[in-house]
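Structure assessment
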Amino acid sequence: MPSMTHPALRLGYDTAELAGSPYARFFNPAMAPLPAHVREALAVGAVARELIPPVAQSGALQEPGYQAVETGYTLCPDGSARIAVRTEMPGVTPSMWDWWFAWHGSEAQRYKLWHPLAHVDVGWADGRDDLAHYVGRTSHVTEYLGANCFRVGIRFLSPSSMGLNESALHEAGETAICARVSMKQFGIPIESVWMVHHIRPIEGGAEMRSRFWVGGSNVRILGLPPAIGRCLGQLAGRLQPVTDTQARELMVHDAQEMNHLAGILPDLFATFGPQAR
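This write-up is about the structure you can find in this document. Computed from a predicted structure; not experimentally measured.

Calculation rules
- Residues numbered from 1 in each chain as written.
- Predicted model: local features only at pLDDT ≥ 70, side-chain atom pairs only at ≥ 80, totals over all residues.
- Heavy atoms only, no water.
- 1 Å grid on protein atoms, 1.4 Å probe; cavity = no way out; pocket = protein on both sides within 12 Å on 5 of 7 lines; lining within 4 Å.
- Points joined across faces, edges and corners; volume = space filled by probe spheres on them.
- Helix = DSSP H or I, 4+ residues; strand = E, 2+ residues; numbered from the N terminus.
- Nonpolar A, V, L, I, M, F, W, Y, C, P; charged D, E, K, R; others polar.
- Core = buried A, V, L, I, M, F, W, Y, C linked by side-chain atoms within 4.5 Å.
- Buried < 20%, exposed > 50% of the residue type's maximum accessible area, 1.4 Å probe, protein only.
- Contact = heavy atoms within 4.5 Å.
- Pairing = 2+ DSSP bridges.
- Phe/Tyr/Trp six-rings, centres within 6.5 Å; stacked < 30°, edge-to-face > 60°.
- Lys NZ or Arg CZ within 6 Å of the ring centre and 35° of its normal.

What follows deals with the layout of surface pockets. Here the idea is plain: a probe the size of a water molecule rolls over the atoms and shows the empty space left. By volume, the largest pocket is sized at about 560 Å³. Mapped onto the lining of the largest pocket, the elements with two or more residues apiece are α4 (108-114), β4 (138-145), β5 (148-157), β6 (175-185), β7 (188-202), β8 (205-214) and α7 (244-272). For the lining of the largest pocket, the leading source of residues is α7, giving eight residues. Split by residue class, the lining of the largest pocket holds 21 nonpolar, eight polar and four charged.

Right, dumping it as structure tokens:
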């Protein structure tokens with residue numbers, strides 16, 4: 001996948017931001033090591049594709065218990081990859097994540113708290129800030145995956161549009177952040193990723209079960225009639241399959257950012273959340 005950078009963008013907080021930003025005390029580039037179960041998944045490598053369900057079975061995340069692979073990845077014959085990551089979050093509630101996904105997208109300084117070593121910039125496509133919702137909006141982010149910097153659009157979807165039961169989520173005190181991810185390849189806008197972060201309460205906090213379906217049959221070229229865009233997108237996905245390295249980088253990135261933010265999210269929520277106003 002191609003990378004994209006902008007000379008005015010940079011990682012981290014500068015001296016003035018560290019001295020004057022209201023978020024500076026939460027900015028910590030000393031990130032914790034990967035959890036043991038993520039390191040084990042990296043050591044195992046790609047698993048059989050039957051062990052990580054396709055995007056059409058997203059709704060199965062709401063079933064009790066766990067799926068066969070909660071942290072790992074697989075590569076499929078159509079050129080796609082499926083990635084799963086589980087993150088335990090002591091002291092965190094699902095509602096904190098709903099707040100975070102609406103709140104962080106207004107300022108790069110907020111976004112950088114999430115992954116201090118990879119996040120560069122963020123902004124809402126509609127230009128509006130500090131709205132208490134994200135579903136139906138698109139967030140433009142600049143971030144590193146591995147050594148490559150990408151500019152992508154994250155179009156947030158309703159959970160029901162991906163087969164999840166929203167009434168059941170509410171009754172169980174759960175939330176699900178769902179999105180379609182797009183970028184430009186060779187100047188052509190494409191959607192290439194489906195994403196779900198399912199957060200449910202557990203004893204002492206919450207756990208996030210992230211799923212990504214990348215490339216292959218998940219690709220759609222934008223700006224064309226839907227059927228043509230899907231057909232050409234799937235062909236492009238086969239010609240440029242997701243590599244083992246790319247799947248591993250996405251799994252590592254998600255594990256790093258979710259574990260890091262989970263450690264500061266309760267304090268962030270208490271300081272900047274709706275009840276703090």
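Ranked by size, the top nonpolar core spans 59 residues in total, and within it I83, W97, W100 and L268 carry the most contacts. The leading source of residues in this core is α7, at 13 residues. With residues near it in sequence (within four places) discarded, W97 still touches M89, V92, W114, I177, I199, M208, M258, L261 and L265. By size, the runner-up hydrophobic cluster in this structure holds nine residues, among which are L169, A176, V196 and W213.

This part covers the pairing of β6. Successive residues of a regular strand alternate their side chains across the two faces of the sheet. For β6, the tally of buried residues reaches ten of eleven residues, placing the bulk of the element in the interior. With five bridges joining them, β5 and β6 adopt antiparallel strand pairing. Bridge pairing in β6 places L157 opposite C178. The pairing of β6 with β7 spans eleven bridges and is antiparallel. Among the inter-strand pairings, A176 is bridged to a residue of β7, identified as H198.

Within this structure, the stated rule accounts for 17 aromatic pairs. A centroid spacing of 4.4 Å and a plane angle of 15° characterise the contact between Y13 and F27, whose relative ring orientation is stacked. Here F27 lies in the loop between α1 (15-20) and α2 (36-44) and Y13 lies in the segment before α1, a separation of 14 residues in the sequence. Positioned over the ring face of W124 is R137, at 4.0 Å from the centre of the ring. For the cation-ring pair, R180 lies above W194, with the distance from its terminal atom to the ring centre recorded as 4.0 Å.

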